[in-house]
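# Chain and residue survey
Residue-level listing of the chains:
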Amino acid sequence: MKNKIVKLGFIAAAAMNIGGVLFFSRVFTNTAINDADPVVMSNFGLLMIVVWGLAYLGAAFIKSNIRWLAAAFAVEKLVYVVAWLAWFFQNSLSDVYNVDMFAGVFFSIYGLNDLIFMLFFIWVFKLQSKGDIE
């Protein structure tokens, strides 16, 4: 049962990264996201988030221990959570909403989403460290 939850969790992480970026960025055409954070959320940055999603999807189908891969994913998510918090405290979310609702929603939720999946990846790391799952 835990193996199935882990697999579905990785698929959900992939769906959020790939689907979320493509939806909110309107397939990389929503410049309001780029303008709000031109370093982290440039089109290149958004594309790299999609690539991370592909990595999560690939990890969902690995049958052996992925403990250290999950740890790497947790660190990656931590970086995005810290970047989101830094952005959140230095910028006005309402200004982003005034420019574009999709961008506003994106900046409202992406850090929370990354926090949730960071905790999931830590959970996977701990489960596999204890040998509770393969």
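Residue indices follow the written sequence of each chain, beginning from 1 at its first position. The model is predicted, so local features are restricted to residues of pLDDT at least 70 and side-chain atom pairs to those at 80 or more, both for listing and for counting; the totals for chains, interfaces and linings are taken over all residues. The side-chain values count all of the structure's non-hydrogen atoms but skip hydrogen atoms and water molecules.

What follows deals with the overall build of the chain. The helix and strand labels rest on DSSP assignments: H or I over at least four residues marks a helix, E over at least two residues marks a strand, and numbering proceeds from the N terminus. Broken down by element type, the chain carries six helices and zero strands. Seen in sequence order, the chain has helices and strands lined up from the N terminus as α-α-α-α-α-α. Expected size for 134 residues packed as a compact globule is a radius of gyration near 14 Å; at 16 Å, the chain falls within 12% of this value. Considering only C-alpha atoms, the chain reaches an extent of 50 × 25 × 20 Å along its principal axes. Each of the 134 residues in the chain was classed as buried or not, and the buried ones make up 43%. Surface exposure here means Shrake-Rupley accessible area, sampled with a 1.4 Å probe, where a residue is shielded only by the protein chains that are shown. Summed over its atoms, the accessible surface of the chain is roughly 7200 Å², and 72% of this surface lies on carbon and sulfur atoms. Two residue types count as positive, namely Lys and Arg, and two as negative, namely Asp and Glu; His and chain ends fall outside the count. Charge positions come from single atoms, namely NZ of Lys, CZ of Arg, CG of Asp or CD of Glu. Of the charged side chains in the chain, 9 are positive and 8 negative, and the gap between their average positions amounts to 17 Å. With C-alpha atoms as the basis for the radius of gyration, the globule rule is written as 2.2 Å multiplied by the number of residues raised to the power 0.38. A simple rule labels every residue: compare its accessible area, found with a 1.4 Å probe on the protein chains alone, to the largest value its type can have, and call it buried under 20%, exposed over 50%, or partly exposed in between.

The next point concerns the side chain of Asp 37. Relative to the helices and strands, Asp 37 is located in the loop between α2 (31–36) and α3 (43–60). Within this document, salt bridges are pairs made up of a side-chain nitrogen of Lys or Arg and a carboxyl oxygen of Asp or Glu, the two lying within 4 Å of each other. Buried charge Asp 37 goes without a salt bridge, the closest partner of opposite sign being Lys 77 at 14 Å.

Each aromatic ring pair is summarised here by two numbers: the centre-to-centre distance and the angle between the ring planes. Between rings of Phe, Tyr and Trp, where Trp is taken as its six-membered ring, a pair exists when centres lie within 6.5 Å; planes separated by under 30 degrees are stacked, by over 60 edge-to-face, and by other angles tilted. In total, this model carries 22 aromatic pairs according to the counting rule given. Consider the rings of Trp 87 and Phe 107, whose centres lie 4.4 Å apart with planes at 25°: the pair is stacked. Of this pair, Trp 87 sits in helix α4 (residues 67–90) while Phe 107 sits in helix α6 (residues 101–130), and the two are 20 residues apart along the sequence. Here the aromatic residues Phe 23, Phe 24, Trp 84, Trp 87, Phe 88, Phe 89, Phe 102, Phe 106, Phe 107 and Tyr 110 are joined through ring pairs into a cluster of three or more. Against the face of Phe 102 rests Arg 26, its NZ or CZ located 4.4 Å from the ring centre. Lysine and arginine charges are scored as sitting over a ring when NZ or CZ, respectively, is within 6 Å of the ring centre and within 35 degrees of the ring normal.

Most peptide bonds take the trans form, and the phi angle of most residues other than glycine is negative. Positive phi outside glycine occurs at Arg 26, with the angle close to 50°. As for its placement among the helices and strands, Arg 26 is situated in the loop between α1 (2–24) and α2. Classification of Arg 26 as partly exposed rests on a relative accessible area of 34%. If you check the backbone angles, Phe 28 has positive phi at about 70° while not being a glycine. On the secondary structure map, Phe 28 appears in the loop between α1 and α2.

Side-chain atoms within 4.5 Å are what join buried Ala, Val, Leu, Ile, Met, Phe, Trp, Tyr and Cys residues into a set we call a nonpolar core. Counting 34 residues, the largest nonpolar core has Phe 10, Ile 33, Met 41, Phe 106, Phe 107 and Phe 121 as its most contacted members. For this core, the secondary-structure elements that each account for two or more residues are α1, α2, α3, α4 and α6. Among the elements that line this core, the one with the most residues is α6, at nine residues. Look past the residues within four positions of Phe 106 in its chain and what remains in contact with it is Phe 24, Ile 33, Met 41 and Leu 46. Contacts are residue-level and defined by heavy atoms, with any inter-residue pair within 4.5 Å sufficient.

Bringing a nonpolar patch on the surface into the picture now. On the surface, Leu 47, Val 51, Leu 54, Leu 57 and Phe 61 cluster together to form a nonpolar patch covering roughly 420 Å² of accessible area. Its place among the elements puts Phe 61 in the loop between α3 and α4. Patch construction takes residues with relative accessible area above 30% that form no salt bridge. Like charges are linked within 9 Å, and nonpolar side chains (Val, Leu, Ile, Met, Phe, Trp, Tyr) are linked within 5 Å.

Put simply, α1 and α6 touch, their axes get as near as 11 Å, and they point 160° apart. The angle between the axes of α1 and α6 places the two elements in the roughly antiparallel class. When the axes of α1 and α6 are compared, the crossing they make is left-handed. Counted together, Lys 2, Ile 5, Val 6, Gly 9, Phe 10, Ala 12, Ala 13, Met 16, Phe 23 and Phe 24 of α1 and Phe 102, Val 105, Phe 106, Ile 109, Asn 113, Phe 117, Phe 120, Phe 121, Trp 123, Val 124 and Leu 127 of α6 form the full contact between these two elements. Residues of the contact of α1 with α6, tallied by class, amount to 18 nonpolar, two polar and one charged. With axes taken as lines fitted to C-alpha atoms, and helix axes fitted only over the stretch in contact, angles between N-to-C directions fall between 0 and 180 degrees. Angles are sorted into four bins: roughly parallel if under 35 degrees, roughly antiparallel if over 145, roughly perpendicular if 65 to 115, and oblique for all others. Each crossing is labelled by how the near helix is turned from the far one, with a counterclockwise turn of less than a right angle marking it left-handed and a clockwise turn marking it right-handed. Residues are grouped as follows: Ala, Val, Leu, Ile, Met, Phe, Trp, Tyr, Cys and Pro are nonpolar; Asp, Glu, Lys and Arg are charged; all remaining types, including Gly, are polar.

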